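Next come the chains, spelled out residue by residue.
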Amino acid sequence: PALGKVCVQELTAMRVQQYYGELRRKGLANNTIRKHHVLLHTALGAAMRQGVVTGNVTNLVTPPAREAPKHRFYDPQQLRTLFRESEGTEIEVAVKLAGCLGLRRSEICGLKWRHVDFARGVLSVCEVRTAVSGRALEKAPKSYASERRLAFGGNKALCALLERLHDEWQKRRECEPSYNPEGYVAVTEAGKPYQPDILCRSVSQFISTRGLPPISLHGLRHSFASLANSQHVPMFNIS
């Protein structure tokens with residue numbers, strides 16, 4: 001939107017550089033701004049090959065320096081504390097699906113009760129929910145390997161949580177047929193499915209208010225991987 005009203009032939013290196021500054025002032029990280037740069041560079045490169053523009057102005061722009069990603073993770077005691085603190089809250093199922101099974105945020109948001117097999121104690125990751133320009137979008141996972149079946153039956157706490165939430169959903173549907181008709185597992189009190197960025201903010205705010213070490217929802221996925229590795233699960237299986 002910041003550049004959409006500018007005719008592509010009138011786009012200058014200075015305007016693009018100002019755009020990166022605007023993104024920085026909004027709080028976007030360097031690596032995120034670099035993704036905007038790559039997208040612009042690719043689009044203008046295609047325009048140049050098609051004769052729409054005579055040059056690619058992003059070649060004259062300096063994108064922000066790349067930052068090494070910072071991955072925080074919890075140890076077992078910290079995870080137990082977070083699980084205990086989150087009991088009975090809206091985010092409980094999200095933090096436990098990420099911390100116990102390593103689900104991505106979009107996989108948590110896209111998980112539905114029809115994907116949960118209580119008889120076998122297995123859930124299937126076959127659909128994700130994300131957002132594009134503020135609009136919800138459901139699609140298949142990002143790769144073939146991302147489609148997987150995960151056992152939760154051996155985790156008594158997670159199993160009990162899922163069974164309780166499923167029972168609550170069914171009972172509420174009997175009284176309110178319009179409540180969460182699609183059967184999303186992670187929903188707000190009003191029964192609305194989360195968008196990934198909103199869910200992440202809710203988790204971060206909850207952790208901050210409880211005085212726990214800062215960690216993102218994706219960081220809980222890293223915590224799961226770290227714990228699995230410490231239990232000698234092969235790296236191929238973890239990945």
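So, how was this worked out
- Residues numbered from 1 in each chain as written.
- Predicted model: local features only at pLDDT ≥ 70, side-chain atom pairs only at ≥ 80, totals over all residues.
- Heavy atoms only, no water.
- Helix = DSSP H or I, 4+ residues; strand = E, 2+ residues; numbered from the N terminus.
- Buried < 20%, exposed > 50% of the residue type's maximum accessible area, 1.4 Å probe, protein only.
- Contact = heavy atoms within 4.5 Å.
- Areas by Shrake-Rupley, 256 points an atom, 1.4 Å probe, with all protein chains shown as cover.
- Lys, Arg positive; Asp, Glu negative; His and termini not counted.
- Charge placed at Lys NZ, Arg CZ, Asp CG, Glu CD.
- Pairing = 2+ DSSP bridges.
- Phe/Tyr/Trp six-rings, centres within 6.5 Å; stacked < 30°, edge-to-face > 60°.
- Expected span 1.5 Å × (residues − 1).
- Polar contact = N/O pair within 3.5 Å; in protein donor to acceptor, adjacent residues only side chain to side chain.

The secondary structure content of the chain amounts to nine helices and five strands. Along the chain direction, N to C, the helices and strands of the chain fall in the order α-α-α-α-α-β-β-β-β-β-α-α-α-α. The C-alpha extent of the chain, read off along each of the three principal axes, is 65 × 45 × 35 Å. Classification of the 239 residues of the chain by burial places 38% in the buried group. Sequence-distant contacts in the chain: of pairs separated by 6 or more residues, those separated by 24 or more amount to 58%. Surface summary for the chain: the accessible area is close to 14,400 Å², and the carbon and sulfur share equals 54%. Within the chain, one finds 34 positive and 21 negative side-chain charges whose respective centroids are separated by 8 Å.

In the sheet, strand 1 (residues 116-117) pairs with strand 2 (residues 122-125) via two bridges, with the strands oriented antiparallel. Each bridged residue has a counterpart across the sheet, and for Asp117 the counterpart in strand 2 is Val122. Linking strand 1 to strand 2, which pair antiparallel, is a turn of four residues; within it Gly121 sits at a positive phi near 70 degrees. Judged from the four bridges that link them, strand 2 and strand 5 (residues 148-151) form a sheet pairing that is antiparallel.

By the definition in use, this model includes three aromatic pairs. Ring centres of Tyr19 and Tyr20 lie 6.0 Å apart, and the angle between their planes is 50 degrees; on these two criteria the pair is classed as tilted. Judged by relative accessible area, Tyr20 falls into the buried class, the value being 4%. Ring pairs connect the aromatic residues Trp113, Phe118 and Phe152, which therefore count as one cluster.

Locating Ser106 in the fold gives a position in helix 5 (residues 105-110). Accessibility expressed as a relative area gives 17% for Ser106, which makes it buried.

Here helix 8 (residues 217-230) is 14 residues long and its end C-alpha atoms lie 20 Å apart, about the 20 Å a rise of 1.5 Å per residue gives. Those residues of helix 8 not exposed but buried are Leu217, Gly219, Leu220, Ser223 and Ala228.

Once that is clear, we can look at the side chain of Glu107. You can see Glu107 is positioned in helix 5. By relative accessible area, which is 3% here, Glu107 ends up buried. Only 2.9 Å separates the side chain of Glu107 from the side chain of Arg148, close enough to count as a polar contact. Every residue in contact with Glu107, bar those within four places of it in the chain, is listed here: Val125, Glu127, Val128, Ser146 and Arg148.

Let us look at the environment of Val8. As for its position among the elements, Val8 is in the segment before helix 1 (13-25). Given the relative accessible area of 32%, Val8 is considered partly exposed. Remark: the alpha-carbon pair of Val8 and Val52, spanning 44 residues in sequence, is separated by 8.2 Å. In this view, Val8 contacts Leu44, Val52 and Val53; residues no more than four positions away in its chain are not counted.

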